[in-house]
Amino acid sequence: KSTAAVLTTAVAGLPSWRDVIEPHPDVAQGRYKNAEFAVNLAQVARVSVDSKDTDYKKIAYEYVDPVEFFNRTYITEGMTGLLVQGLKRVTGKDGEPVIQLKTAFGGGKTHSMLALYHMMKGNLPLAKVPQLQKVLDAAGVTSLPRANVAVLVGTALDPAKPKRPNNFAGNSINTLWGEMAYQLCMSAGDPLLYDYVKEADKKGVSPGSVALTDLFNACGPCLILMDELVAYGKKLYGVEGLPAGTFDNFITFIQEITEAASASKNSIVVASIPESEREIGGDAGQIALEHIEHTFGRMESIWKPVTAGEGFEIVRRRLFLDCKNESARDQVCRAFSQMYDTNPSDFPPESKEMDYQRRMVSCYPIHPEVFDRLYEDWATLESFQRTRGVLRLMAAVIHELWMSNDASPMIMPCSIALDVPNIRDELTRYLPEGWNGIVDKEVDGKNSVPFQKDKGTPRYGKILAARRVTRTIMLGSAPTDRTQKVRGIEKTRIRLGVVQPGENIADFNDALSELSRSLAYLYTNDSGDRYWFDTRATLRKTVEDRISKFSLDDVYYEIEKRLNKIHREPPFSGIHICPRSSLDVPDDQSVRLVLLPPEKTHKTGKTDSDAMNAAREILDNRGTSPRLYRNMIAFVAADQNQMNELISEVRRYLAWDSVKQDTEILNLDTTQIRETDRSIKRCSDTINLSISNEVYCHLLTPYIDRLNDIKEIVWEENRINGSGDSIIKKAAQKMVQNEALITNWAPALLKMALDDLLWKDSNDITIKKLWDYLCTYCYLPRLANVEVLYDAIRKGMPSGEYFALAGTYQDDRYIDLILAKPESVLSNSDLLVKVDVAKEQIERENKPKPPTPAPGGEVDPYGGNNGGNTSVGGDDGDDHGGETPPPTPPAQKKTRFYMSATLDNTRINRDVQNLVDEVISHISAQGGRVKITLDVEAECSEGYTQPTIRAVNENCKTLHVKTFEFED
């Protein structure tokens, strides 16, 4: 017995169906028997003849009593047509003499013949069955006629055994025509009428159409009901010497009775012929059906079977009493209709039409979707009886809901509690073997996955979201076949089967998504909009078994592989993914971002996390040497909690990927291959989004608070989670936003840093030293690159209020001193000079020099001393011995430069960059031809391996290296 199979609280203030309409007492109390929904025409006819028959107790009262029968029967369109034709025929009008009822198993054939039987027997008070009045009006009669009735049910007759009725002394009935004549003459009250077929019955030979016509006219009006003819014909086929005659005589009789009915005054023959393989059964049945169809086909009349629209009327009338509160019923139906209209994209298009609201009123308290699934999906199963099967199932469902105090506004597909054995068995009896176990584990019950989902998630458990979803999928998908091109039930119909007014649609959508990832037998199509259960497990079970086989090393390798696809983006000059040691992160004057390995996780506020310890090690050291440029590095770490979820998803991805690799070993079919590809993509997308948006979310930036006396590294923590941008871009944006990374530096801020820290005890500082300081000390601003510094200097030069610029300092003065000059060509060797010091030198050097006094007291206006007698520029004076000193020869020009430097092979990039900045750039700026070559000399005492030699030779050729050679 289920303890939580139904909703026990009202929904959106709507009245429960149990307060609006009540089941029939036998349904509410569970006193019904499944056999009661199966009409046995022969038993009803026998009991009505002899009320003392012990079979009376085996038959439901509603089938025996004509008034009760019609009160609990919905007269369908097909039944109406049959009754009208019957009335017209027996009253001498233009009714059809022969009517063939042919439809699928459980289509209402026998029930319709029973309605004709009760109407023609002559013991039905018309006043107590007002619904028959419309039938009489259509037939053009004012009262119910009486006809003599013969009921021939093939399954109730034994062709191998003569029948000797007690009330028919001296006679032995052998054949089908003999049984018919016996029933007609006893109904007419004249046993002598049996003589029309007496000899033919004794010899097992068909009596002929003339004798049958005379019998009908003598007993008329007559109603002959023939059911299960194929079953009777199978008994005769291929068997000789039976009292009932041969199969050929049986087929001849079928032809003769149709001719006799047509020739008679007011007699009618109604025969039911099966359509399904289940009823036909075997070669003998098929041959019998073909002969019977051929015979009846010449004179058949059209009869419509029960439609889906009429099916719910039959069920409602059979299982429920009359509605006791129609206004409450209409209120519920309006609420559902309003919900469908308000959320058109969540439900099928037809649900928001007024016609659908009218259907809900007609079906109440059962939701139309229940009938649509049963009549459209389950009715396709050969073993499912369209009317009887629905009655059996819904009787069990209604009884369970009634006893469980279900408070739902309507009975919906999700109301069918499949954890109740008789309900589950009623559905699975029509399905192949193996479904019971699937229902118990994947659909409903205390041991099922949906039950655990509801139990573990309060918002699911409150409304039984997971179980309601799986019940609806089960009802809408179990009858489908693997050969169908389109399988399963659409998402919109799942919602139609579960959502009630006032409930949150998103809760059911979320439950469906979670179940689709958890259930081993739940399939979905490529577009993810149709779902179905199957007896063959999906690959999820295989995947679940494989998940645990993947180690953390496998998981971390996969995460690193994805991280390595991240590209460097400005303003970072280097991105370092999962360094295994501090040696992997260069120590140079460029800003670098380090993504710590996935196992080095962090938790907000935790100063000794694995990530923080790893970041400290890289910040403090490069290998065994202390790191110099500590202000050029920042870190991003994974979140500890989010990493646990990512690990689970990566394991799932690896499991799916292993299934893909084992396609041939596992013998996957097309559907499973598609499922595998779809699952791999889904897991991969989830992993990528998780890494980028959730997991790598901690930005760790080192700095030193220079106002604090204890000059220790402090770590600034920022979260950079969120969708859209890459990890690198989000880290850069956050650092720029927090001024932890400066891409545009104002000259005033540069001067402030100089005044406060860098030239407090000096009048100048070289740009190179300034940049070294900025790259080294974490209490200084962190610039994106040296160009940011250059740009700040250039922007500060024109005003002359921040600093001056000089080429060098020599002989107590600044060489090439510049102040307030708009354009400046900068070099690392240039000096930034304090403005006051620069102004002082400029003023001192711009003062006019006093003239030099000549010997004798005269001042040489040219600054020389001619002794008063020397002619300026003359040749006739000879103060220095009469000889003019030779001119000083010009200095010899230096036209060639060369250099040779040994580089640190662990820091080649840094050393080359320094040489370019400090030496080669000056040489290049002068112009002329510059030729740079690289000499490499390497030795290995153990000798180079062949793979190394081969790789180096090939790469040298590719890179167009002029000379290269390995020597002994």
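Summarised in this report is the structure supplied together with it.

What counts as what
Here the residue numbering is sequential within each chain, running from 1 through the sequence in written order. A pLDDT threshold of at least 70 governs which residues receive local features in this predicted model, and a stricter bar of 80 or more applies before side-chain atom pairs are shown or counted, although totals over entire chains, interfaces and linings include all residues. Derived side-chain values reflect all non-hydrogen atoms in the structure, with water molecules and hydrogen atoms excluded from consideration. Per the convention used, a helix needs a DSSP run of H or I reaching at least four residues, while a strand needs a run of E reaching at least two, with both numbered from the N terminus. Contacts are assigned to residue pairs with any non-hydrogen atoms lying within 4.5 Å of each other. The span one expects for a helix is its residue count, reduced by one, times 1.5 Å. Burial classification: accessible surface area is computed with a 1.4 Å probe over protein chains only, and a residue below 20% of its type maximum counts as buried, one above 50% as exposed, and the rest as partly exposed. In these notes, a set of buried Ala, Val, Leu, Ile, Met, Phe, Trp, Tyr and Cys residues joined through side-chain atoms within 4.5 Å is what counts as a nonpolar core. Only strands joined by at least two bridges in the DSSP assignment are considered to pair. An axis is simply a line fitted to the C-alpha atoms; with a helix, the fit covers only the stretch in contact. Between two such axes, the angle follows the N-to-C directions and lies from 0 to 180 degrees. Here the term patch refers to residues with relative accessible area over 30% and no salt bridge, with like charges joined within 9 Å and nonpolar side chains (Val, Leu, Ile, Met, Phe, Trp, Tyr) within 5 Å. With residues, only the protein chains shown are counted as cover, and all accessible areas are computed by Shrake-Rupley using a 1.4 Å probe. Take a side-chain nitrogen of Lys or Arg and a carboxyl oxygen of Asp or Glu: if they are within 4 Å of each other, that pair is a salt bridge. Residues scored as positive are Lys and Arg, those scored as negative are Asp and Glu, and His as well as the terminal groups of each chain are ignored. Here the site of a charge means NZ on Lys, CZ on Arg, CG on Asp, or CD on Glu. Working rule for angles: under 35 degrees goes down as roughly parallel, over 145 as roughly antiparallel, 65 to 115 as roughly perpendicular, anything else as oblique. Whether a crossing is left-handed or right-handed is set by the direction in which the near helix is turned from the far one by less than a right angle, anticlockwise for left-handed and clockwise for right-handed. Under this grouping Gly is polar, as are all residues other than the nonpolar Ala, Val, Leu, Ile, Met, Phe, Trp, Tyr, Cys and Pro and the charged Asp, Glu, Lys and Arg. Nitrogen and oxygen atoms within 3.5 Å of one another constitute a polar contact, given that in protein one can donate a hydrogen and the other can accept it, and given that sequence-neighbouring residues count only through two side-chain atoms.

## Brief notes about the overall build of the protein
Then step 1. Each helix and strand counted, the protein has 40 helices and 20 strands in total.
Then step 2. Counted over contacts in the protein with a minimum sequence separation of 6, partners at least 24 positions apart contribute 71%.

## Quick notes on helix α29 (residues 552–563)
Each α-helix winds once per 3.6 residues, and so residues spaced three or four apart point in a common direction.
Then step 1. The end-to-end C-alpha separation of α29 is 16 Å, in line with the 16 Å expected for twelve residues at 1.5 Å each.
Then step 2. Those residues of α29 that fall on the buried side of the exposure criterion are V555, Y556, E558, I559, E560, R562 and L563.
Then step 3. Elements that come into contact with the buried residues of α29 comprise β8 (574–577), β9 (592–595), α31 (640–661), α33 (670–695), β14 (696–704) and α34 (727–737).

## What about the nonpolar core?
Then step 1. Core analysis: the largest hydrophobic core is formed by 79 residues, its most contacted members being W378 and M394.
Then step 2. Broken down by element, the residue count for this core peaks at ten residues, all from helix α20 (residues 388–403).
Then step 3. Contact partners of W378, with chain neighbours within four places excluded, come to R373, F384, L427, Y430, L431, M474, L475, A478 and P479.
Then step 4. Core analysis: the next-biggest nonpolar cluster, separate from the first, contains 72 residues, F572, L595, I647 and W771 among them.

## Points about the sheet that holds strand β20 (residues 831–833)
Then step 1. Strand order in the open sheet formed by three strands is β16-β20-β17, with antiparallel pairing between adjacent strands. Only two strands of the sheet have a single partner each, and these edge strands are β16 (764–766) and β17 (804–806). Pairs of neighbouring strands in the sheet enclose a mean axial angle of 30 degrees, with direction left out of account.
Then step 2. The pairing of β16 with β20 spans three bridges and is antiparallel. Each residue of the ladder has a partner; that of D764, found in β20, is V833.

## Some remarks on a nonpolar patch on the surface
Then step 1. Among the surface-exposed residues, F897, M899, I923, V930 and I932 lie close enough to one another that they form a single nonpolar patch of about 450 Å² accessible area.
Then step 2. With respect to the element layout, V930 can be found in the loop between α39 (908–926) and α40 (946–958).

## Some points on the pattern of salt bridges
Then step 1. Evaluation of the coordinates by the stated rule reveals 46 salt bridges.
Then step 2. Put simply, E179 and K163 hold a salt bridge, and the shortest N to O gap is 3.1 Å. In this pair, E179 is assigned in helix α9 (residues 176–188) and K163 in the loop between β2 (148–153) and α9, connecting sequence segments 16 residues apart.
Then step 3. Among the residues examined, K163 registers a relative accessible area of 34% and is labelled partly exposed.
Then step 4. Across the pair R373 and D377 runs a salt bridge, and its minimum N-O distance is 2.6 Å.
Then step 5. On the accessibility criterion, D377 (17% relative accessible area) is buried.
Then step 6. Bridged by salt links that share partners, the residues E350, E369, R373, E376, D377 and R493 form one connected network.

## Here's the deal with a negative patch on the surface
Then step 1. A grouping of D935, E937, E939, E965, E967 and D968 is seen on the molecular surface, where their side chains present a negatively charged patch.
Then step 2. Assignment of secondary structure puts E965 in the segment after α40.
Then step 3. For E965, a relative accessible area of 65% puts it in the exposed group.

## Thoughts on unusual backbone geometry
Then step 1. Cis geometry marks the peptide bond from Y364 to P365, where omega comes out at 10 degrees.
Then step 2. Note on placement: P365 falls in the loop between α18 (354–363) and α19 (368–376).
Then step 3. In this structure, L464 takes a positive phi of about 55 degrees despite not being glycine.
Then step 4. Structurally, L464 is set in the loop between α24 (458–461) and α25 (465–477).
Then step 5. Backbone geometry at D816 places phi at a positive 55 degrees, although glycine is not the residue there.
Then step 6. By secondary structure assignment, the location of D816 is in the loop between β19 (813–815) and β20.
Then step 7. In this structure D816 comes out as exposed when scored by relative accessible area, which is 59%.

## What to know about the packing of helix α23 (residues 449–456) against helix α27 (residues 505–518)
Then step 1. Where α23 meets α27, the closest approach of the two axes is 11 Å, and the angle between their N-to-C directions is 135 degrees. Comparing their axes, α27 and α23 come out oblique. The handedness of the crossing between α23 and α27 comes out as right-handed. Between α23, through V449, P450 and K453, and α27, the contact on the second element is made entirely by E514, L515 and S518.
Then step 2. Each residue belonging to the contact of α23 with α27 can be placed in one class, and the counts come to three nonpolar, one polar and two charged.

## Remarks on the environment of M899
Then step 1. Looking at the element boundaries, M899 is found in the loop between α38 (835–846) and α39.
Then step 2. Residue M899 is classed as partly exposed on the basis of its relative accessible area, which comes to 38%.
Then step 3. Each C-alpha atom, one on M899 and one on V919, is 9.7 Å from the other, the two residues being 20 residues apart in sequence.
Then step 4. Look past the residues within four positions of M899 in its chain and what remains in contact with it is L915 and V919.

## Some words on the sheet that holds strand β6 (residues 522–524)
Then step 1. Taken in spatial order, the three strands line up as β5-β7-β6 in an open sheet, and their pairing is antiparallel. At either end of the open sheet lies a strand with only one pairing partner, and these are β5 (489–490) and β6.
Then step 2. As paired strands, β5 and strand β7 (residues 530–533) are joined by two bridges and run antiparallel to one another. Within the sheet, the bridge partner assigned to I489 lies in β7 and is Y531.
Then step 3. Across the sheet, α25 lies against β5, β6 and β7, angled at about 85 degrees from β7, the strand it touches most.

## Some remarks on the side chain of S16
Then step 1. Residue placement: S16 occurs in the segment before α1 (17–20).
Then step 2. Polar contacts involving the side chain of S16 include one to the main-chain carbonyl oxygen of D406, which spans 3.2 Å.
Then step 3. Discounting chain neighbours no more than four positions away, the residues touching S16 are Y364, D406, A407, S408 and P409.

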